[in-house]
Amino acid sequence: MEKLGIAIIGGGPAGLAAGIYAARGGASVKLFEEMFPGGQIVKTHRVENYPGLTGGPDGYALAAALEKHAAEFDLPVVYGSVSDLKLTEKEKTFTVNGEGYAAGAVILCMGAGPRKLGHPAEDRFVGAGVSYCATCDGNFYRGKDVAIVGGGDTAVSDALYLSGICRKVYLIHRRDQFRAAATLVDRVKRAENVELVLDSTVTGLVGEDRLSAVVVENKFTKEQRTLDVGGLFVAVGILPRTELVQGQVELNEGGFIVTDKFMQTSVPGVFAAGDVRDTPLRQVVTACADGAVAATKAIEYIHC
């Protein structure tokens, strides 16, 4: 079993920032990532609010920059799924790719994933008209009519992105006010090919092998309307990836990990950073800050 000072689980901005700080701080550290570094930002069209990065770089470029920065400090990255994670003892243990590891401290950075609509036909149309990433799949609908569901920054940003490549974009939201930043809302209201469908929910998905239309219903008038679209992009929130730690660390009612200001969880030596934790803001800049704090405190923990 390989012994580490710090193990970082998850390679999004929080995990990479933690890795930079831990490696730079001289800790024996490894980062474990299931698929690819960058997390959700690799699916982001433009990152306009990361301080100092003017011009709105795309998410993939920012993720690559974070990965390169971590590599400059020789941060080892192991690709594979973490299993058999045991956090409650002083020495934390887990398995990746059949190899056993033990660490003095663990930083949980598993992030979060998209929340689904919950419609019975939703899974049937995934990859055949239903998507959770406009920047990943939007180009498949170039010149076509599409719809997007949601009212936050992601939904409105995705609507703006799609408006640049699609003929018509319907932005469906269950309320008459958006949660998104005012600047984004102003822009989407000015977009000529974006139609706001407010106070409405998706009640039907139509199609045989592929999605051909969505049915929306106004929650007040109960009037139903069929929108002939080839694609439906769902941006209705996120769910934390906390399956690994359920029953081991304290979670809030939404399933997010509860931490203090030092990113310490309810278990000594276990820290959490980024979208997986209970935080008032889920942005790249806050995820990186979380990772920096978590790594600094993890180093203090293993040396105390």
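Residues numbered from 1 in each chain as written. Predicted model: local features only at pLDDT ≥ 70, side-chain atom pairs only at ≥ 80, totals over all residues. Heavy atoms only, no water.

Undergrad: Any chance you could explain the environment of glycine 98 here in plain terms?
TA: By the secondary structure assignment, glycine 98 is in the loop between β5 (92–96) and β6 (99–108). For the pair formed by glycine 98 and valine 249, sequence separation is 151 residues and the distance between their alpha carbons is 24 Å. (Helix = DSSP H or I, 4+ residues; strand = E, 2+ residues; numbered from the N terminus.)

Undergrad: Can you help me understand the pattern of salt bridges in this one?
TA: Two side chains of opposite charge can pair, provided their charged atoms sit close to one another. Counted by the stated rule, this structure contains eight salt bridges. A salt bridge links aspartate 123 to lysine 116, with the shortest nitrogen-to-oxygen separation between them at 2.8 Å. Among the residues examined, lysine 116 registers a relative accessible area of 44% and is labelled partly exposed. A salt bridge links arginine 167 to aspartate 145; the shortest N-O distance between them is 3.0 Å. Taken together, the positions of arginine 167 in the loop between α5 (153–163) and β10 (168–172) and aspartate 145 in strand β9 (residues 145–149) put the pair 22 residues apart, joining distant regions of the chain. Under the relative-accessibility criterion, arginine 167 is labelled exposed at 57%. (Salt bridge = Lys/Arg side-chain N within 4 Å of Asp/Glu carboxyl O. Buried < 20%, exposed > 50% of the residue type's maximum accessible area, 1.4 Å probe, protein only.)

Undergrad: Quick question: what am I supposed to make of the sheet that holds strand β13 (residues 211–218) here?
TA: Two orientations exist for strands paired in a sheet by backbone hydrogen bonds: parallel and antiparallel. Strand order in the open sheet made by the three strands is β12-β13-β14, with antiparallel pairing throughout. Each edge of the sheet is formed by a strand with only one pairing partner; in this case those strands are β12 (200–207) and β14 (224–227). Here the average twist between neighbouring strands, direction ignored, is 25°. Sheet analysis places β12 next to β13, joined by seven bridges and oriented antiparallel. Paired with glycine 204 across the bridge in β13 is valine 215. (Pairing = 2+ DSSP bridges. Axes fitted to C-alpha atoms, helices over the stretch in contact; angles between N-to-C directions.)

Undergrad: Can you help me understand helix α6 (residues 182–190) in this one?
TA: Three- or four-residue spacings in an α-helix give side chains the same orientation, since the helix completes a turn every 3.6 residues. Those residues of α6 lying buried are Leu184, Val185 and Val188. The arc that holds every buried residue of α6, seen down its axis, measures 100°, which confines them to one face. α6 presents Ala182, Thr183, Lys189 and Arg190 as exposed residues on the side facing more than 90 degrees away from its buried surface. Where the residues of α6 are buried, they touch α5, β10 and β11 (194–197). (Arc of directions from axis to C-beta. Contact = heavy atoms within 4.5 Å.)

Undergrad: I'm lost on the packing of α5 against α6 in this one. Help?
TA: The relative placement of two packed helices comes down to the angle between their axes together with the axis-to-axis distance. Where α5 meets α6, the axes come as close as 9 Å, and the angle between the chain directions of the two elements is 35°. As for how α5 packs across α6, the hand of that crossing is left-handed. Facing Asp153, Val156, Ser157, Ala159 and Leu160 of α5, the residues of α6 in contact are Leu184, Val185, Arg187 and Val188. Here the residues of the contact of α5 with α6 sort into six nonpolar, one polar and two charged. (Left-handed = near helix turned anticlockwise from the far one by under 90°. Nonpolar A, V, L, I, M, F, W, Y, C, P; charged D, E, K, R; others polar.)

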